[in-house]
Amino acid sequence: MMRGELGVPPGGFPPALRAKVLKGEAPLAGRPGALMPGVDIEAARRRLAEELGRAEIDDEDLCAGYPMYPKVFVDYAAQASGLRPGPDPAHPRLLLWHAARRGDRRRDRPGQDVSSSASQAVGETDDAGRCPGLLRAERPAPRDPRARPPRRRRAAPQRRKAEEGNPAHVAAPMPGLVTCVAVSPGRKVRTGDLLLTIEAMKMETALHAERDGVVAAVHAPPGSQVDAKDLLIALADATAD
């Protein structure tokens, strides 16, 4: 974002913040879309038609998804057109999630005596827009629809928070997963040295030392799930040998 690959807001980014993030790297100049390679629309239309076995591909299918996510779009379109198998919305178990028509009745395995059947009754829509329904499954006796109770999860350990305004404390800027720790206790670091990386929302954020010092303690080893403002690393003043 700071390189300008997503564009630049009116007024630009704060210069000090941009310089700190880019670390000497030059930002893009001009419109970022101008740097992207061109797309031959008609060639893409022919290629998509061959993959899906269609005679025609409309502009919405061609331009709205295929150029950006070709494999995902082809898989979706093939399943939607019946070229590839997908979840059967007529399956009784899926009636719990997919609405059925009033009085609809479905079977697991048609033609078999041991097959189960399910029916769903739907009432009228109320003023709040909700529609009450009833699902009944038989084989031929009714099944117990109750689910197993969820397993109890162990409470996450409470981590120490970094002291606000303490320059020796390196705090987590956001919730995430510590993927890499580049330092260990006793190691000397200089301003700008990499300390660790945090992954959040499929993006990695690198934390660098903001002053010279010695690593006194690492409070979040790799694989730790941390919350915002958790203490990650404590630094001490560098001492002369």
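Residues numbered from 1 in each chain as written. Predicted model: local features only at pLDDT ≥ 70, side-chain atom pairs only at ≥ 80, totals over all residues. Heavy atoms only, no water.

Chemist: Just checking my understanding: could you explain the sheet that holds strand β6 (residues 188–189) for this structure?
Modeler: In spatial order, the strands read β4-β11-β9-β6; together these four strands make up an open sheet with antiparallel pairing. Two strands close off the open sheet at either side, each with one partner strand: β4 (169–171) and β6. Both β6 and strand β9 (residues 213–218) contribute to a ladder of two bridges, which runs antiparallel. From the neighbouring strand, lysine 188 faces β9, where its bridge partner is valine 214. (Pairing = 2+ DSSP bridges. Helix = DSSP H or I, 4+ residues; strand = E, 2+ residues; numbered from the N terminus.)

Chemist: Sorry if this is basic, but what is going on with the sheet that holds strand β7 (residues 194–200) here?
Modeler: Backbone-to-backbone hydrogen bonds pair the strands of a sheet. The strands run either parallel or antiparallel. One open sheet holds the four strands; their spatial order is β8-β7-β5-β10, and the pairing between them is antiparallel. Across the chains shown, the open sheet's two edge strands, defined by having one partner strand only, are β8 (203–208) and β10 (225–226). Taken together, the two bridges between strand β5 (residues 176–181) and β10 define a ladder with antiparallel strand orientation. Considered in β10, the bridge of leucine 177 is made with glutamine 225.

Chemist: Can you help me understand the pairing of β5 in this one?
Modeler: For a regular strand, the rule is simple: side chains alternate between the two faces of the sheet. The pairing of β5 with β7 spans four bridges and is antiparallel. Paired with valine 178 across the strands is isoleucine 198, a residue of β7.

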